[in-house]
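Letter by letter, the chains look like this.
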Amino acid sequence: MYFKGKKMHVVPKAEGHEHFGHGQEIKDELAKRFPQTAKRILDVGTGFGSNLIFLKHLYGKPTLMWSIDPSQDTLANAERLLKEKGLSEGVTLLKGNAEKMPFDDGFFDLITSVMVLHHTVDVPASFREMYRVLEKGGTLIIADWKPEAHTLPFKDHHHEKDFVSATKTEQIFRGLAEDVKLSEWPLWYLLKVRK
Ligand SMILES: C[S@@+](CC[C@H](N)C(=O)[O-])C[C@H]1O[C@@H](n2cnc3c(N)ncnc32)[C@H](O)[C@@H]1O
């Protein structure tokens, strides 16, 4: 797993951890905002694979999915989990960064990124790149922890200063896209962007 460009030592866990990947409350809020159908989905920041597995259960076989992460260990763990669950068909896992992705403009109709933004080196560049590869009319859903979440049992580098506040992220996104909706909870926030 990478954190602000540096490798951090986290043993990838199976899904189900509320604070690693994401828990049920976050899944429910994401599901309310996802479109009913999607042809090509990109999940940015594969991590523990929780969101990828969640998407795969929701959208099933006809939808093609890609997920990128700079960490080879993380990708290998996600690949193993998907195979164990019989969910690997139609999923492409790629080593890469949100800031510069190997996809054509407008390739995806749904892009998600869950609890990843605070790991990236450059939040505006990550957002610009996600927006670039989103098709016109497509949906981008980003969820991340707020600085207040540093009280959660995160390990290693997660200090208050390492998170970007919901309002700051919203401000960055509003400067780059027209249709941005922010929803907030005490420890996390969600941004839904339509292109
Ligand atoms: C907390 S995990 C994400 C959880 C994951 N979305 C899930 O559903 O299980 C954060 C992930 O972001 C990845 N990451 C770090 N820097 C990144 C970057 N610049 N672009 C994309 N992913 C990055 C890390 O390697 C790590 O696997």
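In the block above lies the structure referred to throughout.
Residues numbered from 1 in each chain as written. Predicted model: local features only at pLDDT ≥ 70, side-chain atom pairs only at ≥ 80, totals over all residues.

**Here's the deal with the overall build of the chain**
- Looking only at helices and strands, the chain has five helices and nine strands in total.
- Tracing the chain from N to C terminus, the helices and strands come up as β-β-α-β-α-β-α-β-β-α-β-α-β-β.
- Rg of the C-alpha trace for the chain: 15 Å, near the compact-globule value of 16 Å for 195 residues, within the 12% margin.
- Considering only C-alpha atoms, the chain reaches an extent of 40 × 40 × 30 Å along its principal axes.
- Considering only intrachain contacts with a sequence separation of at least 6, the fraction spanning at least 24 residues in the chain is 70%. (Helix = DSSP H or I, 4+ residues; strand = E, 2+ residues; numbered from the N terminus. Rg over C-alpha atoms; globule rule 2.2 N^0.38 Å. Contact = placed C-beta atoms within 7 Å.)

**Quick word on the sheet that holds strand 4 (residues 64–69)**
- One open sheet holds the seven strands; their spatial order is 5-4-3-6-7-9-8, and the pairing between them is mixed. Since the sheet does not close on itself, it has two edges, and those belong to strand 5 (91–95) and strand 8 (179–184), each with one partner. On average, each strand axis in the sheet is inclined to that of its neighbour by 15 degrees, with strand direction left out of account.
- Bridge count between strand 4 and strand 5: five bridges; the pairing is parallel. Within strand 5, the residue paired with Trp66 across the bridge is Thr92.
- Across the face of the sheet, helix 1 (residues 24–33) comes into contact with strand 7 (134–145) and strand 9 (188–194) while running at roughly 165 degrees to strand 7. (Pairing = 2+ DSSP bridges. Axes fitted to C-alpha atoms, helices over the stretch in contact; angles between N-to-C directions.)

**Examining the pairing of strand 6 (residues 108–114)**
- Among the seven residues of strand 6, seven are classified as buried, and the element is accordingly described as predominantly covered.
- As paired elements, strand 3 (residues 40–44) and strand 6 share three bridges and run parallel to each other. When the sheet's bridge partners are listed, Ile41 is paired in strand 6 with Leu110.
- Pairing analysis gives six bridges linking strand 6 to strand 7, with the strands arranged parallel. Note on strand 7: the bridge partner recorded for Ile111 is Leu140. (Buried ≥ 20, exposed ≤ 12 C-beta atoms within 10 Å, placed from the backbone.)

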